[in-house]
Amino acid sequence: MEEKDIFLETRGLGFIIYSDFAVKKIKRGENYLAAHYWNPSDVAKEVNAGELIGVCTGAPGVYRLSIREGIPCDELWENSILRRRLSIKVIGGTVYFRDLYELMDWDERCDESQTIKIEDGYYTMLLMGNMPNDGSFGENQVIYLYIYKNDTFCEPQYKGVPDFTQCRKREELSNF
């Protein structure tokens, strides 16, 4: 897997993560957000299936997604107040990171700077970070995203949209 930092500008409430197969159903120009991805239970179905994964950031801005392979060191994990565990099915060798609002007028074309190359399979993604120093989400916020491969799909149990702005109960890293 290639490790990189992606600077992702969002115009609204969050971003999406997916691989090629997950968006084949969306037609160019379609407002998929309004028709199929606005209701939290619809989002949860796709997130829990590891397909089109929405992450709520709560605010527009430029986010630095620091994407790394493996499991984070204990120090980073313990010092991160905000955490989410997600799973993704990768089919097609590429994972995309895009503004959620791109689902309002879909175009499958995506700048390569917003992608990573990764072998097909099942992956766990650990998202970590902290509240920015100025107290507001968005501008130049760092989200650490660690990805590691699994033999089987680990289905999350979200009932709505994964919300990165909400503190998560501290868990032991060994639970992942």
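These numbers come from a predicted model, not from an experiment.

**Considering the confidence of the model for the protein**
At step 1: Model confidence for the protein is summarised by a mean pLDDT of 92, while 94% of its residues fall at 70 or above.
At step 2: Within the protein, no element has a lower average pLDDT than helix α3 (residues 74–79), which sits at 90, and none a higher one than strand β6 (residues 94–99), at 98.

**Describing the packing of aromatic side chains**
At step 1: Under the definition given, this model contains four aromatic pairs.
At step 2: Ring geometry for Tyr32 and Tyr37: centres 6.3 Å apart, planes at 35°, overall tilted.
At step 3: Taking relative accessible area as the criterion, Tyr32 reaches 5% and is therefore assigned buried.
At step 4: A relative accessible area of 3% places Tyr37 in the buried class.
At step 5: One aromatic cluster in this structure is built from Tyr18, Tyr96 and Trp106.
At step 6: Sitting over the ring of Trp77, Arg83 keeps its end group 4.1 Å from the ring centre.
At step 7: Geometry around Phe153 places Lys89 over its ring, the cationic atom sitting 4.9 Å from the centre.

**Observations concerning the side chain of Glu30**
At step 1: Position of Glu30 among the secondary structure elements: in the loop between β2 (14–19) and α1 (32–36).
At step 2: With no salt bridge to any partner, buried Glu30 finds its closest opposite charge in Lys27, at an N-O distance of 5.3 Å.
At step 3: Those residues in contact with Glu30 that lie beyond four places of it in its chain are Lys25, His36, Leu103, Met104, Asp105 and Trp106.

**Describing the sheet that holds β2**
At step 1: The four strands lie next to each other as β3-β2-β6-β7, forming an open sheet whose pairing is antiparallel. Every other strand in the sheet has two partners, leaving β3 (53–56) and β7 (115–117) as the edge strands with one partner each. Taken pair by pair, the neighbouring strands of this sheet meet at an average axis angle of 15°, ignoring direction.
At step 2: Sheet topology places β6 next to β7; three bridges connect them, and they run antiparallel. From the neighbouring strand, Tyr96 faces β7, where its bridge partner is Thr115.

**As for the nonpolar core**
At step 1: In terms of nonpolar packing, the biggest core is built from 43 residues, with Ile17, Tyr37, Leu52, Phe97, Leu103, Met125 and Leu127 touching the most fellow members.
At step 2: When residues no more than four places from it in sequence are discounted, the contact partners of Leu103 are Ile16, Ile26, Glu30, Asn31, Tyr32, Leu33, Tyr37 and Leu52.
At step 3: Within the second largest apolar cluster, six residues are counted, among which are Leu76, Trp77, Leu126 and Tyr148.

**Some thoughts on the pairing of strand β5 (residues 82–90)**
At step 1: Among the nine residues of β5, seven are classified as buried, and the element is accordingly described as predominantly covered.
At step 2: Examined bridge by bridge, β5 and strand β8 (residues 121–129) share nine bridges and lie antiparallel to one another. Paired with Arg85 across the bridge in β8 is Leu126.

**Some thoughts on the pattern of salt bridges**
At step 1: One pass over the structure, following the stated rule, counts nine salt bridges.
At step 2: Two residues, Asp99 and Arg11, come together in a salt bridge whose shortest N-O distance is 3.1 Å. Residue Asp99 is found in strand β6, and its partner Arg11 is found in the loop between β1 (4–10) and β2; the two are separated by 88 residues along the sequence.
At step 3: Among the residues examined, Asp99 registers a relative accessible area of 2% and is labelled buried.
At step 4: The closest approach of N and O atoms between Glu46 and Lys25, which form a salt bridge, is 3.2 Å. Of this pair, Glu46 sits in helix α2 (residues 40–48) while Lys25 sits in the loop between β2 and α1; the two residues are 21 residues apart in sequence, bridging distant segments of the chain.
At step 5: Taking relative accessible area as the criterion, Glu46 reaches 9% and is therefore assigned buried.

Each value, and the rule that gives it
Residues take numbers from 1 onward in each chain, read along the sequence in its written order. Totals for whole chains, interfaces and linings use all residues, but because this is a predicted model, local features are given only for residues with pLDDT of at least 70 and pairs of side-chain atoms are given and counted only at 80 or more. The side-chain quantities take in all heavy atoms of the structure and omit both hydrogens and water. Across the chain, each position has a pLDDT score giving the predictor's confidence in that residue, from 0 to 100. Strands are runs of DSSP state E lasting at least 2 residues, helices are runs of H or I lasting at least 4, and numbering of each runs from the N terminus. Each Phe, Tyr or Trp ring (for Trp, its six-membered ring) is paired with any other whose centre lies within 6.5 Å, and the angle between the two planes then decides the class: stacked below 30 degrees, edge-to-face above 60, tilted in between. Per-residue accessibility, obtained with a 1.4 Å probe over protein chains only, is compared with the maximum for each type, and a residue is labelled buried under 20%, exposed over 50%, and partly exposed between these values. Only when the NZ of Lys or the CZ of Arg is both within 6 Å of the ring centre and within 35 degrees of the ring normal is a charge said to sit over the ring. Charge assignment in this entry is limited to Lys and Arg as positive and Asp and Glu as negative, and neither His nor the chain termini are counted. By convention in these notes, a salt bridge is any Lys or Arg side-chain nitrogen within 4 Å of a carboxyl oxygen on Asp or Glu. Residue contacts follow a heavy-atom distance rule, with two residues in contact if any of their heavy atoms lie within 4.5 Å. Pairing between strands is defined by DSSP: at least two bridges between them are needed. To get an axis, fit a line to the C-alpha atoms, keeping to the stretch in contact for a helix; angles then go from 0 to 180 degrees between the N-to-C directions. Here, nonpolar core refers to any group of buried Ala, Val, Leu, Ile, Met, Phe, Trp, Tyr and Cys residues whose side-chain atoms link them within 4.5 Å.

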